[in-house]
Amino acid sequence: MNLSGNSSANNPRVASYDNNVYVVWTDNSSKGNGEIIFRKSTDKGTTFDDAENLSNSPGNSTDPLITAHRNNVYVVWTDNTTGNADIIFRKSSDYGNNFNRTINLSRNNGSSVSPQLAAIDNNVYVVWTDDTRGNYDISFKASHDYGNNFTRTKPVSRNNGSSVSPQLAAIDNNVYVVWTDDTRGNYDISFKASHDYGNNFTRTKPVSRNNGSSVSPQLAAIDNNVYVVWNDDTTGKADINFRKSSDYGTKFAGERNLSKNLTGSFNPKLAALDREKIHVTWTAGTNDKSEVFFTATGDSGEHFDNALNLSRSALASVSAYITAYQKDLYLVWAESASSENEGDILFKRVSEVFFPRNGK
């Protein structure tokens, strides 16, 4: 299903709860001035309401992220209206029918970019990359009243390297953050956990530490399990690697290569239906002929199925994103005639996924 209806859209994100599916993306059709566009479905993605502009800003609005919990829908993005990049937040308390006013979460003299978002019960968590100190750090804020008020900004990473591309997951009282860090001279994946609703975080733990470059981490958490995927070039080509923890992020099992023999795999995304059923999607191929690939596990990551091509298009399929709810998976991606990651926003629902066990 084509949700955007134009060729100036990119960076789609999707969230779901019950029968509701919510999609946001950046639209550049207004003379290069990015706007954040929102559409919702109340029938599991069979039909969608009309598009709504959530940003309506004189500046450039990019990099949206959306999540939903019960009747609440939360959206964050980056906006440069003030002259430097800020993190903007909006919420809806009625399933996306109406949104409250925008809130500037960062408000500093630096550049705040790449926001990420998670919500569970009355708690809303946001992380982003911030260069106020002169190098990039990971900043964190929490709300414990459904996004009405937020705590003061807390640093998650603060070192001499560059910390970028944060990702966030929350379950019960646990909050997990991963990011890319180049403190050692090459890019590694770093991890921190909080077990008290984001009030305090553990020491930084390396998830990847090798001679290659590890970037673009993604994160999911169910019960005591934490799952991480990322892009790794240690083998000499771009691979998608996976690790899991079964003890709230205290220890991680060994790495698994999910992409194997595919050429040029990048931009992994991760979703979990329950503690056993994990789904990973990514883009593979060249810039002008890339496809969206998918794999799944039914045994908490012990065995993954062979990668399946979901897009099968003559155009370049990029910027894929995935979310899961009950027995349904929802995927969005941008389809473009060039390598600029800009085009139409496509949507697909996958139901009753086959989950491999014992390597079969």
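Before reading on, note that the structure itself is shown above.
Residues numbered from 1 in each chain as written. Predicted model: local features only at pLDDT ≥ 70, side-chain atom pairs only at ≥ 80, totals over all residues. Heavy atoms only, no water.

A.B. asks: Can you lay out the layout of surface pockets for me, pointing to particular residues and giving the numbers?
C.D. replies: In this model, the largest pocket occupies a volume close to 870 Å³. If you trace the largest pocket, you find 36 residues lining it, with Thr 67, Ala 170, Ala 272, Thr 323 and Ala 324 closest to the centre. Looking at the lining of the largest pocket, the elements that each hand over two or more residues are strand E1 (9–17), strand E5 (61–69), strand E9 (112–120), strand E13 (163–171), strand E17 (214–222), strand E21 (265–272) and strand E25 (316–325). For the lining of the largest pocket, the per-class residue count stands at 26 nonpolar, eight polar and two charged. Considered as a void within the structure, the second largest pocket measures approximately 520 Å³ in volume. (1 Å grid on protein atoms, 1.4 Å probe; cavity = no way out; pocket = protein on both sides within 12 Å on 5 of 7 lines; lining within 4 Å. Points joined across faces, edges and corners; volume = space filled by probe spheres on them. Helix = DSSP H or I, 4+ residues; strand = E, 2+ residues; numbered from the N terminus. Nonpolar A, V, L, I, M, F, W, Y, C, P; charged D, E, K, R; others polar.)

A.B. asks: Outline the sheet that holds strand E24 (residues 308–309), supporting the account with residue identities and numerical values.
C.D. replies: Taking strand neighbours across the sheet as the criterion, the four strands line up as E21-E22-E23-E24 in an open arrangement whose pairing is antiparallel. With partners counted over all chains shown, the strands left at the sheet margins are E21 and E24, one partner each. Inspection of the sheet shows strand E23 (residues 289–297) paired to E24 by two bridges, in the antiparallel sense. For Phe 294, the partnering residue across the bridge sits in E24 and is Leu 308. (Pairing = 2+ DSSP bridges.)

A.B. asks: Give a detailed account of the sheet that holds strand E10 (residues 123–130), specifying residues and quantitative values.
C.D. replies: As summarised here, the arrangement of the four strands in space is E9-E10-E11-E12, forming an open sheet in which the pairing is antiparallel. Edge strands, defined here as strands with exactly one partner in the open sheet, are E9 and strand E12 (154–157). Pairs of neighbouring strands in the sheet enclose a mean axial angle of 25 degrees, with direction left out of account. Here E10 runs beside strand E11 (residues 137–143); their pairing, made up of seven bridges, is antiparallel. Bridge pairing links Thr 129 to Ile 138 in E11. (Axes fitted to C-alpha atoms, helices over the stretch in contact; angles between N-to-C directions.)

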